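# Summary of structural features
Each chain, written out:
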Amino acid sequence: QVQLVESGGGLVQAGGSLRLSCAASGRIYGMGWFRQAPGKERELAASIDWYGGNTYYIDSVKGRFTISRDNAKNTVYLQMNSLKPEDTAVYSCAADSRNRATYNYWGQGTQVTVST
């Protein structure tokens with residue numbers, strides 16, 4: 001069983017920054033940050049392989065978001081810079097605990113709101 005505890009959402013003006021954190025309680029092989037805006041489908045914004053460190057970013061966040069992990073703390077971070085109103089969404093972290101490149105545990109979600 002893996003528990004994920006998220007923190008770091010909030011309200012920020014366009015151009016500002018936020019950092020999301022997600023702490024995992026068990027062994028994981030990868031983590032991702034998904035986001036879902038009102039009326040839109042959920043999308044994978046960024047992901048990271050836990051041991052190799054390989055990362056993925058959706059095109060709309062490349063160059064602005066950085067995903068990283070602290071293996072000792074079993075925590076993943078999403079540094080979000082140059083935020084835009086279209087980044088407004090509920091952000092949820094997800095973990096792969098089976099090394100199958102799929103996510104089987106989910107965090108509770110945290111709201112990120114970017115104002116104009």
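Below, the structure is looked at part by part. (Residues numbered from 1 in each chain as written. Predicted model: local features only at pLDDT ≥ 70, side-chain atom pairs only at ≥ 80, totals over all residues. Heavy atoms only, no water.)

Quick look at the environment of Ser7 now. Within the secondary structure layout, Ser7 lies in strand β1 (residues 4-7). According to the relative accessible area criterion, Ser7 is partly exposed, its value standing at 39%. Once you skip the residues sitting within four places of it in the chain, Ser7 turns out to touch Arg19, Leu20 and Ser21. (Helix = DSSP H or I, 4+ residues; strand = E, 2+ residues; numbered from the N terminus. Buried < 20%, exposed > 50% of the residue type's maximum accessible area, 1.4 Å probe, protein only. Contact = heavy atoms within 4.5 Å.)

A few words now on the state of the cysteines. Taken as a whole, this structure holds 1 disulfide when the rule is applied. There is a disulfide in this structure between Cys22 and Cys93, and the S-S distance comes to 2.0 Å. With the S-S bond torsion at 50 degrees, the cross-link from Cys22 to Cys93 turns out right-handed. Placement of the pair is Cys22 in strand β3 (residues 18-24) and Cys93 in strand β9 (residues 89-96), with a sequence separation of 71 residues. (Disulfide = S-S within 2.5 Å.)

Turning to the pattern of salt bridges, a few remarks are in order. Per the counting criterion, the structure on display carries 4 salt bridges. Linking Arg35 and Asp87 is a salt bridge whose minimum nitrogen-to-oxygen distance equals 2.9 Å. Placement of the pair is Arg35 in strand β4 (residues 30-36) and Asp87 in the loop between β8 (75-80) and β9, with a sequence separation of 52 residues. You'll find Arg35 and Asp87 in the same group, each marked buried. A salt bridge links Arg64 to Asp87; its shortest N-O distance comes to 2.7 Å. A residue pair is termed long-range when its members are at least 10 positions apart, and Arg64 in the loop between β6 (55-57) and β7 (65-70) and Asp87 in the loop between β8 and β9 qualify at 23 residues. Residue Arg64 is classed as buried on the basis of its relative accessible area, which comes to 10%. (Salt bridge = Lys/Arg side-chain N within 4 Å of Asp/Glu carboxyl O.)

As a further point, take the side chain of Thr88. Considering the arrangement of structural elements, one finds Thr88 in the loop between β8 and β9. A distance of 2.9 Å separates a polar atom in the side chain of Thr88 from the backbone oxygen of Pro85. A distance of 2.9 Å separates a polar atom in the side chain of Thr88 from the backbone nitrogen of Val114. When sequence neighbours within four positions are dropped, the list of residues in contact with Thr88 reads Ala37, Gln111, Val112, Thr113 and Val114. (Polar contact = N/O pair within 3.5 Å; in protein donor to acceptor, adjacent residues only side chain to side chain.)

Across residues other than glycine, the phi torsion is negative in most instances, and most of the peptide bonds are trans. One non-glycine residue, Asn99, lies in positive phi territory at about 60 degrees. In this structure, Asn99 sits in the loop between β9 and β10 (105-106). One non-glycine residue, Ala101, lies in the positive phi region at around 60 degrees. Mapped onto the secondary structure, Ala101 falls in the loop between β9 and β10. Ala101 gets classed as exposed once you look at its relative accessible area, which sits at 70%.

Okay, the packing of aromatic side chains next. Tallying each qualifying case throughout the model produces 3 aromatic pairs. When the ring of Phe34 is compared with that of Tyr103, the centres are 5.5 Å apart and the planes differ by 90 degrees; the resulting orientation is edge-to-face. One end of the pair, Phe34, is in strand β4; the other, Tyr103, is in the loop between β9 and β10, with 69 residues separating them in the sequence. A relative accessible area of 12% means that Phe34 is categorised as buried. Here Tyr103 falls in the partly exposed class, since its relative accessible area comes to 23%. Members of the aromatic cluster, joined through ring pairs, are Phe34, Tyr103 and Trp106. It is Arg42 that lies over the ring of Phe34; its NZ or CZ is 5.3 Å from the centre. (Phe/Tyr/Trp six-rings, centres within 6.5 Å; stacked < 30°, edge-to-face > 60°. Lys NZ or Arg CZ within 6 Å of the ring centre and 35° of its normal.)

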